[in-house]
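So the chains spell out like this:
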Amino acid sequence: MTIREHGSQPVRIEQDVVLARQLTRKLASDCGMRLVDLTKLVTAVSELARNTVVYGGGGDMDWEVIEEAGRTGVRLVFRDEGPGIADIKLALTDGWTSGSGLGLGLTGARRLVDEFELDTAPGRGTRVMITRWI
Amino acid sequence: MERIPILQMGEFLLVTIQVDMHDQLALRLQDDLTDRIEHTSARGVLIDISALDMVDSFIGRMIATISGLSRIMDAETVLVGMQPAVAITLVELGLTLPGVSTALNVDRGMHLLRKRVGRP
């Protein structure tokens, strides 16, 4: 796997969620991602960035444009040092929410991308990595 | 304070969302709309999202809430102009917006609203 470009930006306040969406749109569009796939990726980013702000108490989004076996992809990592998730299985259940949302954030985001990795534990923060290939 | 404008057209209210909304802005629109329905006794609300290139679960929930609230206040809501890529994504996300009326464009949306409130 080759990393073509990479960077990081803060996801601390609500406006950062909008900026995260805009950056993702630009990255995906520059790679020539199809509109439907791009829309799915941007929507997943919106859900995960909001989780980082609301549940994680703020964090960062690392981004990479990667190449592997002749294909290009956009990979994003959302990191926070919040309370973490105690029951991962429950958190990945449609309709379950610890807050006031619809409970579609994590599960919905997972459906919208090609690769999804969740790494979390109580007191250790949360890290979600997503990839969408072109 | 940043706001999404709400236009009055006779007994209908028209909202065109043209900015990439952050969550507070979406909530403010929800509050503003219910206020305006009360003050204008509007019978219908048309929400044009043709300029929105993404609808996530938060915005989806706001749309569903506006539709439910307005119904309770005796006004119909019609959502118009959803881009195909946005519709595909919404369904995959798991949001099908039950109870929200939709139309392809503003013209058809107005037609639907007039029919709903019994205006030919």
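What counts and how
- Residues numbered from 1 in each chain as written.
- Chains lettered and ligands numbered in written order.
- Predicted model: local features only at pLDDT ≥ 70, side-chain atom pairs only at ≥ 80, totals over all residues.
- Helix = DSSP H or I, 4+ residues; strand = E, 2+ residues; numbered from the N terminus.
- Rg over C-alpha atoms; globule rule 2.2 N^0.38 Å.
- Buried ≥ 20, exposed ≤ 12 C-beta atoms within 10 Å, placed from the backbone.
- Contact = placed C-beta atoms within 7 Å.
- Core = buried A, V, L, I, M, F, W, Y, C linked by C-beta atoms within 7 Å.
- Nonpolar A, V, L, I, M, F, W, Y, C, P; charged D, E, K, R; others polar.
- Pairing = 2+ DSSP bridges.
- Expected span 1.5 Å × (residues − 1).
- Arc of directions from axis to C-beta.
- Axes fitted to C-alpha atoms, helices over the stretch in contact; angles between N-to-C directions.
- Parallel < 35°, antiparallel > 145°, perpendicular 65-115°, else oblique.
- Left-handed = near helix turned anticlockwise from the far one by under 90°.

1. Brief notes about the overall build of chain B
Thought 1: If you tally the helices and strands in chain B, you get four helices and five strands.
Thought 2: In sequence order, the secondary structure elements of chain B are arranged as β-β-α-β-α-β-α-β-α.
Thought 3: Here the C-alpha radius of gyration of chain B, 13 Å, is about what a compact globule of 120 residues would show, namely 14 Å.
Thought 4: Judged by the C-alpha coordinates and their principal axes, chain B covers about 35 × 35 × 20 Å.
Thought 5: Sorting the 120 residues of chain B into buried and exposed places 38% on the buried side.
Thought 6: If you take every contact in chain B between residues at least 6 apart in sequence, the share linking residues at least 24 apart comes to 77%.

2. Some thoughts on the nonpolar core
Thought 1: Among the nonpolar cores identified, the biggest contains 59 residues, and Leu41 and Ala49 of chain A together with Val45 of chain B are the most heavily contacted of them.
Thought 2: Per-element accounting of this core gives the leading share, eight residues, to helix 2 (residues 35–54) of chain A.
Thought 3: Apart from residues lying up to four places away in sequence, Leu41 of chain A is in contact with Thr24, Ala28, Val74, Leu112, Val113 and Arg132 of chain A.

3. Structural notes on the interface of chain A and chain B
Thought 1: Each partner contributes residues to the interface: chain A has 24 residues there, and chain B has 18 residues.
Thought 2: Sort the elements by how many residues they give to the side of chain A that touches chain B and helix 2 of chain A lands first, with nine residues.
Thought 3: A breakdown of the residues in the side of chain A that touches chain B according to their chemical character gives eight nonpolar, nine polar and seven charged.

4. Thoughts on unusual backbone geometry
All names here are of chain A.
Thought 1: Positive phi, normally seen in glycine, also occurs at Ala69, with a value near 50°.
Thought 2: Here Ala69 shows up in the loop between strand 2 (59–68) and strand 3 (71–80).
Thought 3: For Ala69, a count of 6 C-beta atoms within 10 Å gives the class exposed.

5. Describing the pairing of strand 3 of chain A
All names here are of chain A.
Thought 1: As paired strands, strand 2 and strand 3 are joined by ten bridges and run antiparallel to one another. Within the sheet, the bridge partner assigned to Gly59 lies in strand 3 and is Asp80.
Thought 2: Here strand 2 folds back onto strand 3 in antiparallel fashion, the turn holding two residues, of which Ala69 has a positive phi close to 50°.
Thought 3: Looking at chain direction, strand 3 and strand 5 (residues 126–133) are connected through eight bridges and run antiparallel.

6. Quick look at helix 1 (residues 14–30) of chain A
Residues and elements named next belong to chain A.
Thought 1: In this model helix 1 runs 25 Å from its N-terminal to its C-terminal C-alpha over 17 residues, within 8% of the 24 Å that 1.5 Å per residue would give.
Thought 2: Within the sequence span of helix 1, burial applies to Asp16, Val17, Ala20, Arg21, Thr24, Leu27 and Ala28. The buried side chains of helix 1 occupy one side of the element, clustering within an arc of 145° when seen end-on. Away from its buried face by more than 90 degrees, helix 1 exposes Lys26, Ser29 and Asp30.
Thought 3: Residues of helix 1 that are buried make contact with strand 1 (2–11), helix 2, strand 2 and strand 3.
Thought 4: The first or second residue beyond helix 1 is Gly32, which carries a positive phi of 80°.

7. Examining the sheet that holds strand 5 of chain A
Residue and element names in this part refer to chain A.
Thought 1: The five strands are arranged 1-2-3-5-4 in an open sheet whose pairing can be described as antiparallel. Two strands close off the open sheet at either side, each with one partner strand: strand 1 and strand 4 (115–120). Going across the sheet, the axis of each strand differs from the next one's by a mean of 15°, ignoring polarity.
Thought 2: Helix 2 rests against strand 1, strand 2, strand 3 and strand 5 of the sheet, and its axis sits at about 15° to strand 3.

8. Concerning the sheet that holds strand 3 (residues 44–48) of chain B
All names here are of chain B.
Thought 1: Ordered in space as 1-2-3-4-5, the five strands form an open sheet in which the pairing is mixed. Both outer strands of the open sheet, strand 1 (6–9) and strand 5 (101–103), are each paired with one neighbouring strand and no more. Averaged over all neighbouring strand pairs, the angle between strand axes comes to 25°, with direction disregarded.
Thought 2: Relative to strand 3, strand 2 (residues 12–16) runs parallel, the two sharing five bridges. Its bridge partner lying in strand 3, Leu13 is registered against Val45.
Thought 3: Across the sheet, helix 1 (residues 23–40) touches strand 1, strand 2 and strand 3, and the angle it forms with strand 2 is around 160°.

9. Topic: the packing of helix 4 (residues 105–112) of chain A against helix 3 (residues 84–93) of chain B
Each pair of packed helices can be described by the angle between their axes along with the distance between the axes.
Thought 1: Interaxial distance between helix 4 of chain A and helix 3 of chain B falls to 8 Å at its minimum, and their mutual angle equals 125°. Our classification of the angle between helix 4 of chain A and helix 3 of chain B gives oblique. The element helix 4 of chain A and its partner helix 3 of chain B pack so that their crossing is right-handed. Mapping the contact onto sequence places Gly108, Arg111 and Leu112 of chain A in helix 4 of chain A and Thr89, Glu92 and Leu93 of chain B in helix 3 of chain B.
Thought 2: Of the residues that constitute the contact of helix 4 of chain A with helix 3 of chain B, the class distribution is two nonpolar, two polar and two charged.

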